Amino acid sequence: MADRKNLREFQARLSERLRQAASGPPQSARLGVQVGARRLLVDLSDAGEIVALNRGITPVPLTQEWFRGLVNLRGSLYGVSDLARFEGHEPAPVTKATRLLAFSSRLNLNGAIVVDRMLGLQNTAAMTEAAAGDEPKPSWLGRHWVDGESHRWTELRLEELAGDERFLAVNR
């Protein structure tokens, strides 16, 4: 019971910090998440609720292998996609650190992606912008940065992902 209370308090504090950061002037703060081996940066205004993946996801038949199913978040149904699997990698393992990152309501998509773990708020102003590799990249992946510990970060544009035709075509 105490664990639930602590988790709710943590989620409330994080939600408030995200709201404050997103409502202020443009900032270099981004939400850091890990999907597979990739470190991704999400604009705070694109991120919605963040919840532990300890709730049941209801599978939906005849959907793509990367579409995990539906979950109830605060009384609304959200489609859950495994971003790693969507990109053709191994499915995200479910651990204590696994989270669902819901899309912001302003994106008009009741969707969430599975992230391996949260990496906290990251300051791109303290990073060096890096050149993109030669491989083609989807429109929902943006600029690249390298932090002070030589970790490479890639911008994840949830607004672009929410409009990607392939991402929206969940049925087989």
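Structure: see above.
Reading the values: the criteria
- Residues numbered from 1 in each chain as written.
- Predicted model: local features only at pLDDT ≥ 70, side-chain atom pairs only at ≥ 80, totals over all residues.
- Heavy atoms only, no water.
- Helix = DSSP H or I, 4+ residues; strand = E, 2+ residues; numbered from the N terminus.
- Buried < 20%, exposed > 50% of the residue type's maximum accessible area, 1.4 Å probe, protein only.
- Areas by Shrake-Rupley, 256 points an atom, 1.4 Å probe, with all protein chains shown as cover.
- Pairing = 2+ DSSP bridges.
- Axes fitted to C-alpha atoms, helices over the stretch in contact; angles between N-to-C directions.
- Salt bridge = Lys/Arg side-chain N within 4 Å of Asp/Glu carboxyl O.

**Student:** Hey, could you run me through the overall build of the chain in this one?
**Tutor:** Assigned secondary structure in the chain consists of four helices and 11 strands. Counting all 172 residues of the chain, 40% fall into the buried class. When the accessible area of the chain is evaluated, it comes to approximately 9,900 Å², of which 48% is carbon and sulfur surface.

**Student:** Help me understand the sheet that holds strand S3 (residues 47-52), please; the structure alone is not making it clear to me.
**Tutor:** Strands belonging to one sheet form pairs held by backbone hydrogen bonds; the direction of such a pair is parallel or antiparallel. If you walk across this open sheet you meet the five strands as S3-S6-S7-S5-S4, and the pairing is mixed. Each edge of the sheet is formed by a strand with only one pairing partner; in this case those strands are S3 and strand S4 (67-73). With direction set aside, neighbouring strand axes in the sheet form an average angle of 30°. The sheet contact formed by S4 and strand S5 (residues 76-82) spans six bridges and is antiparallel. The residue of S5 that forms the bridge with Leu73 is Ser76.

**Student:** Sorry if this is basic, but what is going on with the pairing of strand S2 (residues 38-43) here?
**Tutor:** Each regular strand shows side chains that alternate between the opposite faces of the sheet. Pairing analysis gives six bridges linking strand S1 (residues 29-35) to S2, with the strands arranged antiparallel. Looking at S2, one finds that Gly32 is bridged to Leu41. Linkage of S1 to S2, two consecutive antiparallel strands, is achieved through a turn of two residues, within which Gly36 is found at a positive phi near 65°. Pairing of S2 with strand S11 (residues 152-156), which is carried by four bridges, proceeds in the parallel orientation. Along S11, the bridge assignment pairs Arg39 with Trp153.

**Student:** How do you make sense of unusual backbone geometry when you look at a structure like this?
**Tutor:** Trans peptide bonds make up the majority, and among non-glycine residues the majority have a negative phi. The backbone of Leu62 shows a phi angle near 60°, a positive value even though the residue is not glycine. The topology assignment puts Leu62 in the loop between S3 and S4. Not every positive phi belongs to a glycine, and Asn108 is a case in point at roughly 55°. Judged by relative accessible area, Asn108 falls into the exposed class, the value being 70%.

**Student:** How do you make sense of the pattern of salt bridges when you look at a structure like this?
**Tutor:** Note that side chains of opposite charge can pair when their charged atoms are close. According to the stated counting rule, one finds seven salt bridges in the structure shown. One salt bridge connects Asp82 with Arg68, and the closest N-O pair in it is separated by 2.8 Å. Of this pair, Asp82 sits in strand S5 while Arg68 sits in strand S4; the two residues are 14 residues apart in sequence, bridging distant segments of the chain. Among the ionic pairs, Glu155 bridges to Arg157, the shortest N-O distance being 3.4 Å. On the basis of relative accessibility, which here comes to 31%, the residue Arg157 falls in the partly exposed class. Residues joined in a network through salt bridges with shared partners are Asp46, Arg106 and Glu159.

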